[in-house]
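Fold and geometry: a report
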Amino acid sequence: AALGFASIHSPIAAAFPTVLGPYHYVDFRAGLSQSILDLTRRQNYRASQENVRSAQFNAQDARDIVAQAVINGYLQVIASAARVESTKALVATAQASYQQAADRFTAGAAPRIDATRSQVELQTQQQRLTAVQNDYDKLKISLGRLIGFPPSQQFTLTDALPFAPVTGLTVEQAVTRAYSNRADLKAAQSQVHAAELLRKGAAEERLPTVEVAADYGDIGVAINNSHGTFAVTGAVRFPIWQGGRTKGDIQEADAAVEQRRSEYQELRAHIDADIRLAFLDLTSAASQVAVAESNRALANDTLTQARDRFAAGVTDTIEVVQAEEAVAAAELDYIGSLYAHNLAKASLARAMGQATQGFKAF
């Protein structure tokens, strides 16, 4: 009746009920749809794969940054430990000089000011020892935090890392290795490739797509009273009235490609500059180490002669104190130049993308 059959007056029509139901209806069905030809989605999928590779390279680069930070912290602790040992030796020397001046004063062979001057120098060196020891302890705590130790963890460094010049490596070789090994450069290259794939996908939005859908199921009034049914459909979709949107997507993708390419080129230039700066630091630090080592030997020889002259009564403690200060300065210069040289090695290894293995090789 709701469909308009109530106006049919016939014996057959009168035999039909005016309302159907309620009735049971069961439909179990599984469906599958697949895009057979959609080039835009395919390019987007490939771009997402490149983004995954880029993220993996960024993770490798993060590990390299962590390695460089640990190496720098390790070098700082080694340099600080060398300052502690050097200052302890200077304290012992100042103690011997003071004792020598005190004995000469007691014997009446030297004025009191010589003993006082030597005592001031001894206390100055003791004060320096306290400062450098405090700095050493703090640097060890910082290094422990870098490598994941709790602040209360006690540990001892085993590598001394003496002076060893870098040989057999040119700037051009280092740049070539960096371009092959730097994980962040590989990540930037993957970003460029992903942007190019997205650009292709945007251009392919103009092309038609093909889709297929199929399903199979069981229909009936009950599970035990049903029939199998299936359907297979195909569709070809043509983009109409989407030229403006596609053009906008292409322009946006073009801008992204240019940006990624610019970032990649900038990173290459940055890596090149980092390597050249590291080589300059290496050359300068190596020269400083050579000069500082010579000055250290001369300062120690001067101190020995000054103490002998004072013991012979030829001079007073002014010359001895000056010689001791010269030794202290020479020791600090040598330690600082050695630390700068090793730090330049770490920077070069990082610039080459081999903060761990590269530094071990150096």
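Shown above is the structure to which this text applies.
Residue indices follow the written sequence of each chain, beginning from 1 at its first position. For this predicted model, a pLDDT threshold of at least 70 governs which residues receive local features, and a threshold of 80 or more governs which side-chain atom pairs are given and counted, while totals over whole chains, interfaces and linings are taken from all residues. The side-chain quantities take in all heavy atoms of the structure and omit both hydrogens and water.

**Let's talk about the overall build of the protein**
Each helix corresponds to a stretch of at least 4 residues labelled H or I by DSSP, and each strand to a stretch of at least 2 residues labelled E; elements are numbered beginning at the N terminus. In terms of helices and strands, the protein carries eight helices and three strands. Radius of gyration: C-alpha atoms only; globule rule: 2.2 Å multiplied by the number of residues to the exponent 0.38. For a compact globule of 362 residues, the expected C-alpha radius of gyration is about 21 Å, and the protein comes in at 41 Å, more than 25% above that figure. Referenced to the eigenvectors of the C-alpha coordinate spread, the extents of the protein come out at roughly 150 × 45 × 30 Å. For each residue, the accessible area found with a 1.4 Å probe, counting protein chains only, is set against the maximum for its type, and the residue is called buried under 20%, exposed over 50%, and partly exposed in between. Counting the 362 residues in the protein, one finds 31% classified as buried. The criterion used for residue contact is that any of the two residues' heavy atoms lie within 4.5 Å. Intrachain contacts of the protein at a sequence separation of at least 6 include 82% that bridge at least 24 residues.

**A word on the packing of aromatic side chains**
The aromatic pairing rule takes the rings of Phe, Tyr and Trp, using the six-membered ring of Trp, and pairs them if the centres are within 6.5 Å, calling planes under 30 degrees apart stacked, those over 60 edge-to-face and the rest tilted. One pass over the full model with this rule turns up one aromatic pair. A positively charged side chain is recorded as over a ring if its NZ (Lys) or CZ (Arg) lies within 6 Å of the ring centre. The angle to the ring normal must also be within 35 degrees. In this structure, Lys140 is placed above the aromatic ring of Phe155, and the distance from its NZ or CZ to the ring centre is 4.9 Å.

**A short note on the environment of Ile240**
Assignment of secondary structure puts Ile240 in the loop between strand S3 (225-237) and helix H6 (243-311). Residue classification places Ile240 among the exposed positions, given a relative accessible area of 56%. A C-alpha to C-alpha distance of 107 Å links Ile240 and Pro111, two positions 129 residues apart in sequence.

**A word on the pattern of salt bridges**
For this document, the term salt bridge refers to a Lys or Arg side-chain nitrogen within 4 Å of an Asp or Glu carboxyl oxygen. According to the stated counting rule, one finds 17 salt bridges in the structure shown. In this structure, Arg350 and Asp61 form a salt bridge, with 2.9 Å as the shortest nitrogen-oxygen distance. You can see Arg350 sitting in helix H7 (residues 317-351) and its partner Asp61 sitting in helix H2 (residues 39-106), a full 289 residues away along the chain. Judged by relative accessible area, which is 11%, Arg350 ranks as buried. Among the salt bridges present, the one from Glu319 reaches Arg309, with a minimum N-O distance of 3.1 Å. Of this pair, Glu319 sits in helix H7 while Arg309 sits in helix H6; the two residues are 10 residues apart in sequence, bridging distant segments of the chain.

**Looking at the side chain of Ser97**
Here Ser97 shows up in helix H2. The exposure class assigned to Ser97 is buried, which follows from its relative accessible area of 3%. Only 2.7 Å separates the side chain of Ser97 from the side chain of Glu324, close enough to count as a polar contact. What Ser97 contacts, discounting residues up to four positions off in sequence, is Ser118, Arg307, Val320 and Glu324. We call two N or O atoms a polar contact when they sit within 3.5 Å, provided that within protein one can donate a hydrogen and the other can accept it, with sequence-adjacent residues counted only if both atoms are side-chain atoms.

**Some thoughts on the pairing of strand S2 (residues 209-222)**
By the convention used here, strands pair only if DSSP detects at least 2 bridges between them. Summarising the sheet, strand S1 (residues 26-37) and S2 pair through 11 bridges and their orientation is antiparallel. Paired with Leu37 across the two strands is Val210, which belongs to S2. Taken together, S2 and the strand that follows it, S3, pair antiparallel across an intervening segment of two residues.

**As for the packing of H2 against H7**
Helix axes are fitted to C-alpha atoms over the stretch in contact, other axes to C-alpha atoms as well, and angles between N-to-C directions run from 0 to 180 degrees. Taken N-terminus to C-terminus, the directions of H2 and H7 make an angle of 170°; their axes are 10 Å apart at the nearest point. Between H2 and H7, the angle is such that the two are roughly antiparallel. A class-by-class count of the residues in the contact of H2 with H7 yields 16 nonpolar, nine polar and six charged. When describing relative orientation, an angle under 35 degrees is termed roughly parallel and one over 145 degrees roughly antiparallel, while 65 to 115 degrees is termed roughly perpendicular and anything else oblique. Charged residues are taken to be Asp, Glu, Lys and Arg, nonpolar residues to be Ala, Val, Leu, Ile, Met, Phe, Trp, Tyr, Cys and Pro, and polar residues to be all remaining types, Gly included.

**Digging into the sheet that holds S2**
Taken in spatial order, the three strands of this open sheet run S1-S2-S3, and their pairing is antiparallel. Single-partner strands in this sheet number two, and they are S1 and S3. The mean angle between the axes of side-by-side strands here comes to 10°, regardless of whether they run parallel or antiparallel. Taken together, the 13 bridges between S2 and S3 define a ladder with antiparallel strand orientation. Pairing of Tyr216 across the sheet is with Phe230, part of S3.

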